Amino acid sequence: MTPDSPARPPIAPDLKRWLVGVFGTFFVAGVALSSWLSRVPRIRDDLGATAGQMGLLMLALGVGSVIGLTSSSHLIARFGARRTIRVSMWVLGLGMGTAALGLVAPTPPLVVTGLVIAGLGMGTCDVAMNFSGADCERHLERTVMPLFHALFSLGT
């Protein structure tokens, strides 16, 4: 701001809560992704998997993510971004938990199922949080999307 530019009005409390919620969503999504990625070597060892088998595990996460990415617009249109984010975060957690159960008693099909579910939640959440972030940015009348993505990076 220059000395001649007008001061920005304070952010309304509802908009501030929304902004903080979107920041939190981006951060938690980054933490969720990093929690999986940081454990890949241990998962490989626990399952006794080859590089090719690990590639298939990664594919499972990607398949779920693509399904989530492509279906999310319909979910957002029907239920709204906020509800879509909430449910997709639960789906992501359910998927991670399922994959973890598959590692306790090494059961690769259960790990694959969990990763597809986690990818579904992650892909859906990704679109919904970006949609919500863009809408929040529009209401703020200033650019904040780079800050949202910075929080995702900080989470990872």
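Structure shown above.
Starting from 1, residues in each chain are numbered consecutively following that chain's sequence as written. Side-chain atom pairs in this predicted model are given and counted only at pLDDT of 80 or more, local residue features only at pLDDT of at least 70, and totals for whole chains, interfaces and linings cover all residues. Derived side-chain values reflect all non-hydrogen atoms in the structure, with water molecules and hydrogen atoms excluded from consideration.

1. Remarks on the nonpolar core
Then, in step 1: What is meant by a nonpolar core is a set of buried Ala, Val, Leu, Ile, Met, Phe, Trp, Tyr and Cys residues, joined one to another through side-chain atoms within 4.5 Å. Summary of the burial criterion: residues with accessible area below 20% of their type's maximum are buried, those above 50% are exposed, and those between are partly exposed, where the area comes from a 1.4 Å probe applied to protein chains only. Leu 19, Ile 43, Leu 47, Leu 57, Val 111, Leu 115 and Phe 148 are the most contacted members of the largest nonpolar core, which has 35 residues in total.
Then, in step 2: Sorting the residues of this core by element identifies α1 (13–37), α2 (40–47), α3 (51–79), α4 (81–104), α5 (108–140) and α6 (145–155) as the ones contributing at least two each.
Then, in step 3: Each helix is a run of H or I in the DSSP string that is no shorter than four residues. Each strand is a run of E no shorter than two, and both are numbered from the N terminus. Considering every element that reaches this core, the biggest residue donor is α5, with nine residues.
Then, in step 4: Leave out the neighbours within four places in its chain, and Leu 19 touches Ile 11, Cys 136, Leu 140, Val 144 and Phe 148. Any two residues whose heavy atoms approach within 4.5 Å are treated as being in contact.

2. A look at the layout of surface pockets
With a probe scaled to a water molecule rolled over the atoms, the places where space remains empty come into view.
Then, in step 1: In this structure, the largest pocket occupies an estimated 360 Å³ of space.
Then, in step 2: By residue number, the principal contributor to the lining of the largest pocket is α1, which donates six residues.
Then, in step 3: Basically, the charged four are Asp, Glu, Lys and Arg, the nonpolar ten are Ala, Val, Leu, Ile, Met, Phe, Trp, Tyr, Cys and Pro, and anything else, Gly included, counts as polar. When grouped by side-chain class, the residues that make up the lining of the largest pocket number five nonpolar, three polar and five charged.
Then, in step 4: Of all elements in the fold, only α1, α2 and α4 reach the threshold of two or more residues within the lining of the second largest pocket.
Then, in step 5: Tallying contributions element by element places α4 first for the lining of the second largest pocket, with four residues.
Then, in step 6: Looking at the lining of the second largest pocket residue by residue, the class counts come to six nonpolar, one polar and three charged. Buriedness of a pocket was judged along seven lines, with at least five required to meet protein on both sides within 12 Å; pockets are open sets of points on a 1 Å grid over the protein atoms alone, cavities are sets where a 1.4 Å probe fits but cannot get out, and lining residues have an atom within 4 Å of a point. Grid points are joined across faces, edges and corners, and a volume is the space filled by probe spheres set on the points.

3. Regarding α3
Then, in step 1: Taking 1.5 Å per residue, 29 residues should reach 42 Å; α3 reaches 40 Å between its end C-alpha atoms and fits that length.
Then, in step 2: What we call the bend at a residue is the angle made by axes fitted to the seven residues finishing there and the seven residues starting there. Taking the largest bend as the criterion, α3 deviates by roughly 45°, centred on Ser 71.
Then, in step 3: For α3, every residue scored as buried is listed here: Met 54, Leu 57, Ala 60, Leu 61, Gly 64, Ser 65, Gly 68, Ser 72 and Ile 76.
Then, in step 4: Structurally, α3 contributes buried residues whose contacts are with α1, α2, α4 and α5.
Then, in step 5: Once α3 finishes, Gly 80 follows within two positions and takes phi at roughly 90°, a positive value. By this rule, a helix spans an expected 1.5 Å times one less than how many residues it contains.

4. Structural notes on the side chain of Ser 132
Then, in step 1: Residue placement: Ser 132 occurs in helix α5.
Then, in step 2: The residues contacting Ser 132, other than those within four sequence positions of it, are Trp 18, Val 22, Ala 81 and Ile 85.

5. Remarks on the packing of aromatic side chains
Then, in step 1: Under the pairing criterion, centres of Phe, Tyr and Trp rings, with the six-membered ring standing for Trp, must be within 6.5 Å; the plane angle then separates stacked pairs below 30 degrees from edge-to-face pairs above 60, leaving the rest tilted. Going through the model one piece at a time under the given rule, you end up with two aromatic pairs.
Then, in step 2: With 5.3 Å between their ring centres and 15° between their planes, Phe 26 and Phe 148 make a pair best called stacked. Linking Phe 26 in helix α1 with Phe 148 in helix α6, this pair joins segments that are 122 residues apart in sequence. Accessibility assignment for this pair places Phe 26 and Phe 148 in one class, buried.
Then, in step 3: Through a chain of ring-to-ring contacts, the aromatic side chains of Phe 23, Phe 26 and Phe 148 assemble into a single cluster.

6. Some points on the environment of Phe 148
Then, in step 1: Residue class for Phe 148 comes out buried when judged on its relative accessible area of 0%.
Then, in step 2: Sequence-wise, Phe 148 and Val 63 are 85 residues apart; in three dimensions their C-alpha atoms are separated by 25 Å.

7. A few points about the packing of α5 against α6
Then, in step 1: In this description, a line fitted to the C-alpha atoms serves as the axis of each element, helices being fitted only across the stretch in contact, and the angle between N-to-C directions of two axes falls anywhere from 0 to 180 degrees. Direction vectors running N to C along α5 and α6 enclose 145°, while the axes themselves pass 9 Å from each other. By crossing handedness, the relation of α5 to α6 is classed as right-handed. On the side of α5, the interface is formed by Met 129, Asn 130, Gly 133, Ala 134 and Glu 137, while α6 contributes Met 145, Pro 146, Phe 148, His 149 and Phe 152.
Then, in step 2: Here the contact of α5 with α6 is built from residues that sort into six nonpolar, three polar and one charged. Note on convention: the crossing is left-handed when the near helix lies turned anticlockwise from the far helix by less than a right angle, right-handed when the turn is clockwise.

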